[in-house]
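# Coordinates in review
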Amino acid sequence: MSSSTIGKKLFLGAGSLTVLTFGLGIAAFLGLSSVNSRVRTIVEVTVRKQTLAHSMDSDTSFTMGATKGILMRGLQNDRAGIERNVQDFNTYADRLQNDINLLQALDQQPETVQVLRDMQDAFQSGKLSNANLSRAAETGDMATAFSLYDRDIKPIEVRQKQDATQLLEAQEASLVQAQRAAEAFASNSRWVTGFLLVLSVGAGIMLIVGINQINRLLRNMVVELAEVSTQIASAASQVAASSQSLARGASEQTATIEETSSASVEINSMARRTTENSRTSAEMVTRSQEGFEKTNQSLAE
C-alpha cells in the first residue's frame, strides 16, 4: 500500500469523524435552541394566555358578584354598601377590559378573536346596564333594579361566563397542544441526535479499524525492510569477501609478474654475456686463423 493510499484512508476517516461530530454538535445546538424557543413560547405566550383566560373568568365572576351585591345593598337601603359594590364592579370591569386587550395582542386565532369580540360587546352593554341598575338601587327603586337585572344584565352575565369558559378551555387545549408539540420535537431531536451519535461511533470504529490495519501493514513493511536489509548486508559481506579475494589474487599476480620480470632481466643479462663471449670466441678464432695463415705462409716460404 502506498503512502498516498494510507494518507487518503486516514484523511477520509478523520474527516468523516470530524464532519459527523460537527453535525452532531449542530443538531444538538439547534435542538436545544428550538426547545428553548418552544419552552419560552409555552411559558411566555401560552401560559400567559391561559393566565389571562383564568383572570378573565375570575373577573367576570367578580363583576357578577358585585352586581348581586348592589342588589342586596339596595334591598338593605345601604347606600355606602352600594357605592362599595359599584367601586368593586368598576375595578373588576377595568381589569377585565385590560385582560381582553392583552389577550387580543397575544392570540390572533380566529376563534379567540371572535370570542373576545363577543366579550367586548357584552362587557360594554353590561357596564351601561350596571350603571342604570346602580342608580335605581341608590334611589330605592328596587323593582326597576331587579327588572334591569333580569332583562338586561343577567343574559349578559350568562353570555360573558360562557365566553370566559370557552376561552379558558381553548387556552388549556392550546397549552396541551403546545406541550405535545414540544414533546414531539424533543423526541425527534433525540432520534436525530441518537442517529448522528451512532454514525459518529461507527465512523470512530471504522477509523480505529483502519488505523489498526495501517499499523499492521506498516509493521509488516518494517519486517520486510528488515529482512531485505539483512539480505543486503549479507550480499555486501559476500561482495567484500570477494573483493578481498580478488585483492589477494591481484597481489599474488603482481608478485609473479615481478618475479617473471626479474627472471627476464636475468635472462637478458645472461644473453648479453653469452653474446659477448661468442664475440670474444669469434675474435679469438679469427686471430687463430690469422696466426695459422701466417704460420702456413712462413712454412711455405
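Let me sum up the structure you'll find in this document. Within any chain, residue numbers begin from 1 and follow the written order of that chain's sequence. With pLDDT at 70 or above as the cut-off, local features in this predicted model cover only qualifying residues; side-chain atom pairs require 80 or more to be listed or tallied, and sums for whole chains, interfaces and linings still use all residues. Only hydrogens and water are set aside when side-chain values are computed; all heavy atoms of the structure are taken into account.

## Things to note about the overall build of the chain
The following threshold applies: Helix numbers and strand numbers start at the N terminus; a helix is a DSSP run of H or I with at least 4 residues, a strand a run of E with at least 2. Working definition: with a 1.4 Å probe on protein chains only, accessible area under 20% of the residue-type maximum means buried, over 50% means exposed, and in between means partly exposed. Contact criterion: two residues are considered in contact whenever any of their non-hydrogen atoms come within 4.5 Å of each other. What sets the accessible areas is the Shrake-Rupley method with a 1.4 Å probe; for residues, cover comes only from the shown protein chains.
The number of helices and strands found in the chain is four helices and zero strands. Shown N-terminal to C-terminal, the secondary structure of the chain runs as helices and strands in the order α-α-α-α. The burial tally for the chain puts 25% of its 301 residues in the buried class. Considering only contacts in the chain between residues 6 or more positions apart, those separated by 24 or more positions represent 81%. Of the roughly 19,800 Å² of accessible surface on the chain, 59% is carried by carbon and sulfur atoms.

## Considering the nonpolar core
Nonpolar side chains in soluble globular proteins tend to be buried together. Note the following rule: The definition of a nonpolar core used throughout is a set of buried Ala, Val, Leu, Ile, Met, Phe, Trp, Tyr and Cys residues joined through side-chain atoms within 4.5 Å.
Counting residues in each nonpolar core, the largest one holds 16 residues, and the members touching the most others are Met56, Leu96, Ile100, Leu103, Leu116, Met119 and Leu167. Listing elements by their share of this core, those giving two or more residues are helix H1 (3-75), helix H2 (79-106), helix H3 (110-138) and helix H4 (142-300). For this core, the element with the highest residue contribution is H2, accounting for five residues. Discounting residues that sit within four places of it in the chain, Leu116 has contacts with Met56, Ile100, Leu103, Gln104 and Leu167. Counting 11 residues, the second-largest nonpolar core is a separate cluster that includes Leu71, Val86, Leu133 and Ala145.

## Focus: empty space enclosed by the protein
In plain terms, the rule: Two kinds of site are reported from a 1 Å grid over the protein atoms alone, namely cavities, where a 1.4 Å probe fits but cannot get out, and pockets, open sets with protein on both sides within 12 Å along at least five of seven lines, and residues are called lining when an atom falls within 4 Å of a point. Grid points are joined across faces, edges and corners, and a volume is the space filled by probe spheres set on the points.
Considering all chains together, one arrives at one cavity of 30 Å³ or more under this definition. Quantified by volume, the largest cavity comes out at close to 110 Å³. Along the wall of the largest cavity there are 15 residues; nearest its centre are Thr63, Phe89, Gly126, Lys127 and Gln160. Among the elements that line the lining of the largest cavity, the one with the most residues is H3, at five residues.

## Points about the pattern of salt bridges
Under the convention used in this document: The term salt bridge refers to a pairing of a side-chain nitrogen on Lys or Arg with a carboxyl oxygen on Asp or Glu at a separation within 4 Å.
In total, this model carries five salt bridges according to the counting rule given. A salt bridge links Lys161 to Asp57; the shortest N-O distance between them is 3.0 Å. Of this pair, Lys161 sits in helix H4 while Asp57 sits in helix H1, and the two are 104 residues apart along the sequence. Given a relative accessible area of 17%, Asp57 falls into the buried group. With its nearest N and O atoms 3.7 Å apart, the salt bridge here joins Asp78 to Arg73. Exposure remark for Arg73: the relative accessible area of 29% places this residue in the partly exposed category.

## Topic: the packing of H2 against H3
The condition is simple: Each axis is a line fitted through C-alpha atoms, taken for helices only over the stretch in contact, and angles between the N-to-C directions span 0 to 180 degrees. If an angle is under 35 degrees, it is roughly parallel; if it is over 145, roughly antiparallel; if it lies from 65 to 115, roughly perpendicular; otherwise it is oblique. The residue classification treats Ala, Val, Leu, Ile, Met, Phe, Trp, Tyr, Cys and Pro as nonpolar and Asp, Glu, Lys and Arg as charged. All others, Gly included, are polar.
In the contact formed by H2 and H3, the axes pass within 11 Å of each other and the chain directions differ by 170°. Our classification of the angle between H2 and H3 gives roughly antiparallel. For the pair H2 and H3, the contacting residues are Arg79, Ile82, Glu83, Val86, Phe89, Ala93, Asp94, Leu96, Gln97, Ile100, Leu103 and Gln104 in the first and Leu116, Met119, Gln120, Phe123, Gln124, Gly126, Lys127, Asn130, Ser134, Ala137 and Glu138 in the second. Counted by class, the contact of H2 with H3 contains 11 nonpolar, seven polar and five charged residues.

## Here's the deal with the environment of Gly74
Take Gly74: it is sitting in helix H1. In this structure the C-alpha to C-alpha distance between Gly74 and Ala145, which are 71 residues apart in sequence, comes to 8.7 Å. With near-sequence residues (within four places) excluded, Gly74 lies in contact with Ile82, Ala137 and Met142.

## Description of a nonpolar patch on the surface
In plain terms, the rule: Note that patches include only residues with greater than 30% relative accessible area and no salt bridge, and the join distances are 9 Å for like charges and 5 Å for nonpolar side chains (Val, Leu, Ile, Met, Phe, Trp, Tyr).
A cluster of nonpolar side chains, namely Leu197, Val201, Ile205 and Val209, defines an oily patch on the protein surface of about 330 Å² accessible area. Tracing the sequence through the fold places Leu197 in helix H4.

## Digging into unusual backbone geometry
Despite not being glycine, Asn77 shows a phi value in the positive range, around 55°. Among the structural elements, Asn77 can be located in the loop between H1 and H2.

## Remarks on the side chain of Asp57
Selection criterion: Pairs of N or O atoms within 3.5 Å make up the polar contacts considered here, provided that, within protein, one atom can donate a hydrogen while the other can accept it, and that residues adjacent in sequence are counted only when both atoms are side-chain atoms.
Side chain to side chain, Asp57 and Lys161 meet in a polar contact 3.0 Å long. In contact with Asp57, not counting residues within four places along its chain, are Lys161, Ala164 and Thr165.

## A word on H3
Quick note on the threshold: One less than the residue count of a helix, multiplied by 1.5 Å, gives the span that helix is expected to have.
The end-to-end C-alpha separation of H3 is 42 Å, in line with the 42 Å expected for 29 residues at 1.5 Å each. A positive phi of about 85° marks Gly140, the residue just after H3.

## With respect to the side chain of Ser55
Relative to the elements of secondary structure, Ser55 occurs in helix H1. Contacts of Ser55, omitting those with residues within four sequence positions, involve Arg95 and Asp99.

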